[in-house]
Amino acid sequence: MSAPNLKIEDLRVSIEDKEIIKGLDLEINGGEIHAIMGPNGTGKSTLSAALMGHPKYEVTSGKVTFNGEDLLEMEVDERAKAGLFLAMQYPSEVSGITNADFLRSAINAKREEGDEISLMKFIRELDKKMDHLEMDNAFAHRYLNEGFSGGEKKRNEILQMMMLEPKLAILDEIDSGLDIDALKVVAKGVNEMRSPDFGCLIITHYQRLLNYITPDKVHVMMQGRIVKSGGPELAQRLEAEGYDWIKEELGIKDETVGQEA
Amino acid sequence: MSVDTSLRFDKDYVNGFSSSRQEPAWLQELRLQALELAQNLPMPKPDKTKIDKWNFTDFKHEATGNAVAFNELPEDVKALIGSEEDAKNVLVIHNGTPVYFALEQEVKEQGVIYTDLLTAAKEHEDLVKKYIMKAVATDENRLTAIHASLFLNGAFLYVPKNVELSAPIQAVYYQDDEAAIFNHVIVAAEDNSSVTYVENYLSTNDSAESVANIVSEVYAGAGAKVVYGAVDNLAKGMTTYVNRRGRAEKDARIEWALGQFNDGNTVSDNTTHLIGDGSFTDTKTVTIGRGDQKQNFVAQIFNHGKHSEGYILTHGVMKDSASSIFNGITKIEHGATKSHGEQTERVLMLSEKARGDANPILLIDEDDVTAGHAASVGRIDPLQMFYLMSRGISKAEAERLIIHGFLAPVVSQMPLESVKNRLVEVIERKVR
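Sequence positions are assigned chain by chain, starting from 1 and proceeding in written order. Chain letters and ligand numbers both follow the written order, the letters beginning at A and the numbers at 1. Where totals are concerned, whole chains, interfaces and linings use all residues; where local detail is concerned, this predicted model gives features only for residues with pLDDT of at least 70, and gives and counts side-chain atom pairs only at 80 or more. The side-chain figures draw on all heavy atoms in the structure; neither hydrogens nor water molecules are used.

### What about the interface of chain B and chain A?
Now for step 1: Residues count as neighbours in contact if any of their non-hydrogen atoms are within 4.5 Å of one another. Taken together, the contact pairs 19 residues of chain B with 31 residues of chain A.
Now for step 2: Accessible-area loss on putting two parts together, using a 1.4 Å probe and summing over both, is the definition of buried area adopted here. Buried area between chain B and chain A, summed over both chains or domains, comes out near 2000 Å², and the portion from carbon and sulfur atoms is 69%.
Now for step 3: Contact with chain A buries area across many residues of chain B, yet Phe386, Tyr387 and Arg391 of chain B alone supply 41% of it, more than any other trio.
Now for step 4: The working definition used for a salt bridge is a side-chain nitrogen of Lys or Arg within 4 Å of a carboxyl oxygen of Asp or Glu. Between the two partners, chain B and chain A, sit one salt bridge.
Now for step 5: We define a polar contact as two N or O atoms separated by no more than 3.5 Å, with the added condition that, inside protein, one atom must be a possible hydrogen donor and the other a possible acceptor, whereas residues neighbouring each other in sequence contribute only through side-chain atom pairs. At the surface where chain B touches chain A, the tally comes to eight residue pairs in polar contact (both at pLDDT 80 or more).
Now for step 6: Helix and strand definitions here come from DSSP, where helices need a minimum of 4 consecutive H or I residues and strands a minimum of 2 consecutive E residues; each element is numbered from the N-terminal end. Listing elements by their share of the side of chain B that touches chain A, those giving two or more residues are α8 (382-389) and α9 (395-411) of chain B.

So this is what it looks like as structure tokens:
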């Protein structure tokens, strides 16, 4: 398997004619874990949704390639099949479909007809991954995310990631609403995936998740673009000092989108 | 364009038709009276669906089928009833003719009567007379009158007092001729008896215009329980009127589990009268509309008895440019104190052109009751689609999952495993 590569160049994204991402560049390779940090309202979640192809977000210009292919030309399911995964901040609830049935459909969607995963193998894998995430096996038979608590939904996103084995995963505020134990479990899942064939983009506004998943690169997002990049030490400084020093350094008064410097 | 709604069948025809089948005089008389009524009675008026251009009166009446051994039944039919070992109590009617029949000895020995309706009319005259066209009146509307004058055959199931049958009684009504389906079913469960009846309607006529006019009458005596499962799967050529009616006496229970998957225009009336105190009914319906078909579904419960309870649950999916009206009616009569009525209708529309309309109606003439309703009509949530597709599931497959999920709350509550499986199969075929 070749190492994945996601390359974003001068990306601009709008929602309902309002520009949220205003020229963003980023490159993620296999084996790397990147973290995008930043206060609320700076466009972090918009970036993740647009990369996955969310119907509400419109990419107005720029270029995104995934393993050399034009990601923006692909349908949502094609992006997933190419190996992209988005753990969502607010996963949908779908009534009447069990978690297990859903996961099996998703796994089989990536496989050729006639080469579907056997039920036994699927159950074995699922049990193993659920144990790893300390999830009650009953979750397999509950309807997809229906009635799940916030933390259960987040674990379920990580479970899906582990089952689907993407080449590049974007975790959109996977840590919000998680207590420290759940946070550790989620981190364990991500660390389990770490390999030269796997890249990861973690979007968060807290440093605490990064105590358990050490990122290779940390980026700060403000006003719809990346304004500062560094190593893990940048996250620690943000945790200790907040974002004000960056705003000062860059002369930004209001970091949210829609406000200009 | 105006449709000629006059009936092509006259007194001579009905006389000849009835005589040729050696029907008893009382039945011939019933048919002739019905024919007269049919000339003048108005058509049924399903709320919010115009049926004046639908053809219910011009059709080829008779066709024939031939008796066969189990192995010679069409594969489609065998698939419905299972293996010969499983299908111990089953009646198959092909093109209006009974072609296969099996009934276990031990069921017979308990005094259960299960046979085609014409045989019953000859051999169990008093019983048939007691029940036929009683829950559904001949003079209810033009179509019930036409039905009584021209019904071809059907099933008669009689369960004596205190007899509890565990194995389901099955029926398959199968049509591969362009002739009409005029089928009449009677299920009569005497006091404290219990029975499950499951029927399948199947037709293959996609092109030629034809008519299905179906009446079922269900009688649950005091303390009796009837589970009535039905899967309707009539092809596009059929314009269908189907009237399934129940009467529950004191502490009786009628459970309906209906999968209504016709491809042609359909008017369906499923009404239960909770006559006795403490009687109960539960009516569950799933349906999928596709193509340009128009359908009207009435699920209706009348609470007459005190402490009676009625539940309606309907989930419908509309595809293409199909349109359906779902009318849920709970009528609590004066004097039916402490009764309870509850209904839920949900419609999911898959395309811009699909139409669905859910109308929950509560009519309450008594103060001391409880009742509730819920209804929703909506389209597939684009965020759900995004979520499913973001896991690599194709658009078509995501839709399929959402539809199954939408219908699952009803399907999963269906009383019989066999009906459940059959529903899943038909749904699978229809949403593809």
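Text resumes after the structure shown.
### Concerning the packing of helix α1 (residues 11-20) of chain B against helix α2 (residues 25-40) of chain B
Residue and element names in this part refer to chain B.
Now for step 1: Only the stretch in contact is used when a helix axis is fitted, and all axes are lines through C-alpha atoms; the angle between N-to-C directions ranges over 0 to 180 degrees. Remark: α1 packs on α2, axes separated minimally by 10 Å, with the N-to-C direction vectors making an angle of 160 degrees. Compared by their axis directions, α1 and α2 come out roughly antiparallel. Crossing hand, α1 versus α2: right-handed. Contacts between α1 and α2 involve Lys11, Val14, Asn15, Phe17, Ser18 and Ser19 from the first element and Gln28, Arg31, Leu32 and Leu35 from the second.
Now for step 2: The residue classification treats Ala, Val, Leu, Ile, Met, Phe, Trp, Tyr, Cys and Pro as nonpolar and Asp, Glu, Lys and Arg as charged. All others, Gly included, are polar. In terms of residue class, the contact of α1 with α2 is built from four nonpolar, four polar and two charged. Roughly parallel covers angles under 35 degrees, roughly antiparallel covers those over 145, roughly perpendicular covers 65 to 115, and oblique covers all other angles. Each crossing gets its handedness from the near helix: less than a right angle anticlockwise from the far helix is left-handed, clockwise is right-handed.

### Let's talk about the environment of alanine 80 of chain A
All names here are of chain A.
Now for step 1: Mapped onto the elements of the fold, alanine 80 is located in helix α2 (residues 76-81).
Now for step 2: Judged by its relative accessible area of 1%, alanine 80 falls in the buried class.
Now for step 3: Between the alpha carbons of alanine 80 and methionine 52 there is a distance of 7.9 Å; along the sequence they are 28 residues apart. We call a residue buried when its accessible area falls under 20% of the maximum for its residue type, exposed when it is over 50%, and partly exposed in between, using a 1.4 Å probe and counting protein chains only.

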